[in-house]
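Secondary and tertiary structure notes
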Amino acid sequence: MGDDDQGNLPAGPDSLGSAGPAGDTSNELWEWLRLLNRRKALIVGAGLVAVAIMALIIAQQTPLYKASSRVMLDTRTFKVINSEAALSGVDTLNLGAIQSELEVIQSEFLIGRVVDRLGLASNPDFNGSRPPGFLDATMAPIRDLWQSGISSLLAPPPPQRSAPAAPARQARNEDNDPARRAAIATVAGHLTVSLLGRTFVIIVTVESPNGTMSARIANAIAEVYLADQVDNKNEANRRATEWLEERLAELRRNLQAADEAVATYRRDKGLAGSPEGVVSTQTLSDLNSKYLLAKTRRIEKEARLVALSKASLNPAELAGIAEVTSNATLNALRTQELDLNRKIAELSTQFGPNHPRLVQARSELAAVHARFLQQTQSITNGIRAELEAAKAEEAELKAQVERASVMSGTASQYEAELKQLEREAQSNRTLYESFLNRFKELREQQDIQRADARILAYAWPSNAPSSPQYKTGLFAAFIVGCLLGMAGAIAAEKLDRVFRSASQVEKATGVAVLGMIPLVKSTLGQRANMVTQVVDRTTSSAAEAMRAVFTAISLSNLDRPARIIAVTSSTPGEGKTTFSAALGGLLTKMNASRRVLLVDLDLRQAKLAIALGMKDRTGTIDEYLMGTRTLDECIHRHEPSGVDYICARSDTPNAPEVLESHAMKAALATFADRYDLVILDSPPVMAVSDARIVSQLADYTIFIVHWAKTPRDVVKSAVAALMSVTDRIGIVINKVNLAKHAMYEYGDYGDYYSRYRGYYGTAYGGGGAAAAPPTKAGTAEETSGIAKLTRIVPRMK
């Protein structure tokens, strides 16, 4: 919507047009509060209607009584045997396992056992045989219609899922008894199973029309749940025992076959009671060690022989041979060799080369060399003999190692195969003994099974019904009704197509609002009485508002003040005639020297005389224009206020021609010469075209808008029609209900009058203080005009 179509919704442009970003939030909140305040009757009424409907529904409901029992899952470990695989209990540290136990308690199988135990299939409260109440009977056709097709059309089709295989115990208990199945469905619908906080305590809550029956059902569910746990364990124990018996027979046969295979293999391979396999392995290890030593000695002998052979060719190297250095004979010969070499050297210096002593010394040296070589050859022959012996020993040990290796390989193969058979036999024996022990333990445990939970508290009957909850239901209904009322209030604001504030009118039409006239309530409901109230109570808010309108017109153009003012509206019944009469009378009453003339130019529905309460209607405007009566004969005076007026005749023929005539223009010029102010009461704009003609004749046109009644589109069309003939137009919002207008808190004229109405000494323009003297009123008029100047002049421009 544009600005012209905005309603009175919160945060709209009408209320927040001048607010900055910082004030948007607070203004929006205030607008919402104002909306709730002014629509409080609708909101509270919707809440009360909802309370009444809820009270009717609650009155038709059957009271239900709630009872709760408590079951605690046993967190202590109680296992006589190690049978986790066959008889595992509830893992209380696993949240999924605990949730599974909650589902077990709510299962149809367990509830069915409770129904059978308590005989609920024959109870009218559970088997569906009780006749429905008035409300249920009334809603039954709607529920049938919903279930027949509407719900399937609105809801998406369910996914195709394969039906899970039903447990064996459910299959055994499946029946076609409708009463039993109805009782199961009723109990399941009124059963609530939940955990108590973060504990292992399960709360089983049941509701039924009988408090004692609720307690019995809650206790029965807890007891059946514990019994079901024990039954499940016994059943698991029985199945495990049967399976172990079959498995033990098979393991016994396997063990016997394994033992026989070990005995047969020992006998066939000759391994029974003989440690030959171990001895052969040890012998092979010793022979390998001896063979390596012999080989090492042979290599060492070869190295010594080679070194000695090389040294024999160069006697100087014999000193590095260990056999030579350790031989005493060779050491003595070396000593002799040294002595002879020293002696020969000394003799060579004393005697000639052929000296007998020198020759003898040389002969002795040669004999020493011969003996040294002979001794060296003897050592070489000894080492060669040791090498041959080492080679022979090495060859013998090598042959023995090869023979022992062949024998050891065969024995190791037999031994490995025997050990494999023995391991298989031992494995079968261990498995058989384990299953045998498990079987014995299960047989012993059959009589000592216990549940993995215990009843912590039994349920007791309740004397007070748990539902319906009267206070909560009525309060919730009131809240829901108020919310619906708020939605209706927002819708009403959205659909509001009338004007309620000056800013709305100005934004929609682009024309300034001169003022807002409060609604003047008359005890007799007559216009004359309303005009009299305004004239007599010159300090009322209505009188002040009219003076403010005239002040605004006077200040709109100080150079050429308006002498002829036309008053019109868009449709009949908006109070233009009453406003014209009250304005003329008020201005005259407040200032006796001011001459004001009221002229009724509504030639189709003339009502000015009625508004003034005058019965003398002789001398109408059309008679003056036609010259049948003089001006003095047509002018009458309203004695209570002193204002002069000229009446009109209803259904005057050719009204547009009369208004457009030169005689009318001349008459208005005459009126303007004789009077300070001429007020023309013209017809409505949308009814006939006379109003546009009158607006052309006037210096200024006042357009009356009925507050909260005249449609916006009608006002916009009428103003546009007037703007096509004159631009000197001001709008006055008439008949403003200050009490209702205060709920909007627009901050305009009406809000000012509502907030400070005590200042005027009257509540709604009527009743209160008497009229003040003219001098006082004149002063009030001037003060009011100055006070409104700052707000009116900018809009007039």
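Structure's up top.
Because the structure is predicted, anything quoted here is derived from the model rather than measured. (Residues numbered from 1 in each chain as written. Predicted model: local features only at pLDDT ≥ 70, side-chain atom pairs only at ≥ 80, totals over all residues. Heavy atoms only, no water.)

**Observations regarding the overall build of the protein**
In terms of helices and strands, the protein carries 30 helices and 12 strands. In the protein, buried positions account for 40% of the 797 residues. Here the protein has roughly 42,200 Å² of accessible surface; of this, 56% comes from carbon and sulfur atoms. (Helix = DSSP H or I, 4+ residues; strand = E, 2+ residues; numbered from the N terminus. Buried < 20%, exposed > 50% of the residue type's maximum accessible area, 1.4 Å probe, protein only. Areas by Shrake-Rupley, 256 points an atom, 1.4 Å probe, with all protein chains shown as cover.)

**A look at unusual backbone geometry**
With an omega of 0°, the peptide bond between Ser467 and Pro468 qualifies as cis. Along the chain, Pro468 turns up in the loop between strand S4 (453–457) and helix H16 (470–494). In this structure, Asn654 is a non-glycine residue whose phi angle is positive, near 50°. Structurally, the position occupied by Asn654 is in the loop between strand S9 (643–646) and helix H24 (655–660).

**Examining the sheet that holds S4**
The 4 strands lie next to each other as S2-S3-S1-S4, forming an open sheet whose pairing is antiparallel. Whereas interior strands pair on both sides, the edge strands pair on one side only; in this sheet they are strand S2 (191–195) and S4. Taking each pair of neighbouring strands and ignoring which way they run, the sheet shows an average axis angle of 25°. Summarising the sheet, strand S1 (residues 65–73) and S4 pair through 4 bridges and their orientation is antiparallel. (Pairing = 2+ DSSP bridges. Axes fitted to C-alpha atoms, helices over the stretch in contact; angles between N-to-C directions.)

**Looking at the packing of helix H19 (residues 541–556) against helix H20 (residues 576–590)**
One way to put it is that H19 packs onto H20 with a least axis distance of 10 Å and a crossing angle of 85°. Taken together, H19 and H20 sit at an angle that is classed as roughly perpendicular. Between H19 and H20, the residues in contact are Ala543, Met546, Arg547, Val549 and Phe550 and Phe579, Ala582, Leu583, Leu586, Leu587 and Met590, respectively. Residue classes in the contact of H19 with H20 are distributed as 10 nonpolar, no polar and 1 charged. (Parallel < 35°, antiparallel > 145°, perpendicular 65-115°, else oblique. Contact = heavy atoms within 4.5 Å. Nonpolar A, V, L, I, M, F, W, Y, C, P; charged D, E, K, R; others polar.)

**Here's the deal with a nonpolar patch on the surface**
Together, Leu29, Trp30 and Leu33 make up a nonpolar patch on the protein surface, roughly 320 Å² of accessible area in all. Inspection of the secondary structure puts Leu29 in helix H2 (residues 21–38). (Patch = residues over 30% accessible without salt bridge, like charges linked within 9 Å, V, L, I, M, F, W, Y side chains within 5 Å. Salt bridge = Lys/Arg side-chain N within 4 Å of Asp/Glu carboxyl O.)

**Some thoughts on the side chain of Ser466**
Secondary-structure assignment places Ser466 in the loop between S4 and H16. Look at Ser466 and you get buried, because its relative accessible area is 15%. In terms of polar contacts, Ser466 uses its side chain to reach the side chain of Glu207, at 2.7 Å. (Polar contact = N/O pair within 3.5 Å; in protein donor to acceptor, adjacent residues only side chain to side chain.)

**Let's talk about the pairing of strand S5 (residues 513–518)**
Across the 6 residues that make up S5, a large majority, 6, are buried. Of the pairings in the sheet, the one linking S5 to strand S12 (residues 729–736) comprises 4 bridges and is parallel in character. Looking at the pairing, Pro518 lines up with Val736 of S12.

**A short note on the state of the cysteines**
Linking two cysteines covalently via their sulfur atoms produces the bond known as a disulfide. Applying the stated criterion across every chain, the model contains 0 disulfides. The thiol of Cys634 is unpaired, and the distance to the nearest cysteine sulfur, on Cys647, comes to 9.5 Å. (Disulfide = S-S within 2.5 Å.)

**Focus on the sheet that holds S5**
Taking strand neighbours across the sheet as the criterion, the 8 strands line up as S5-S12-S11-S6-S10-S7-S9-S8 in an open arrangement whose pairing is mixed. Each edge of the sheet is formed by a strand with only one pairing partner; in this case those strands are S5 and strand S8 (636–638). Direction aside, the axes of adjacent strands within the sheet are offset by 25° on average. Relative to S5, H19 is tilted by about 170°, and along the sheet it contacts S5, strand S6 (564–569), strand S10 (677–681), strand S11 (700–706) and S12.

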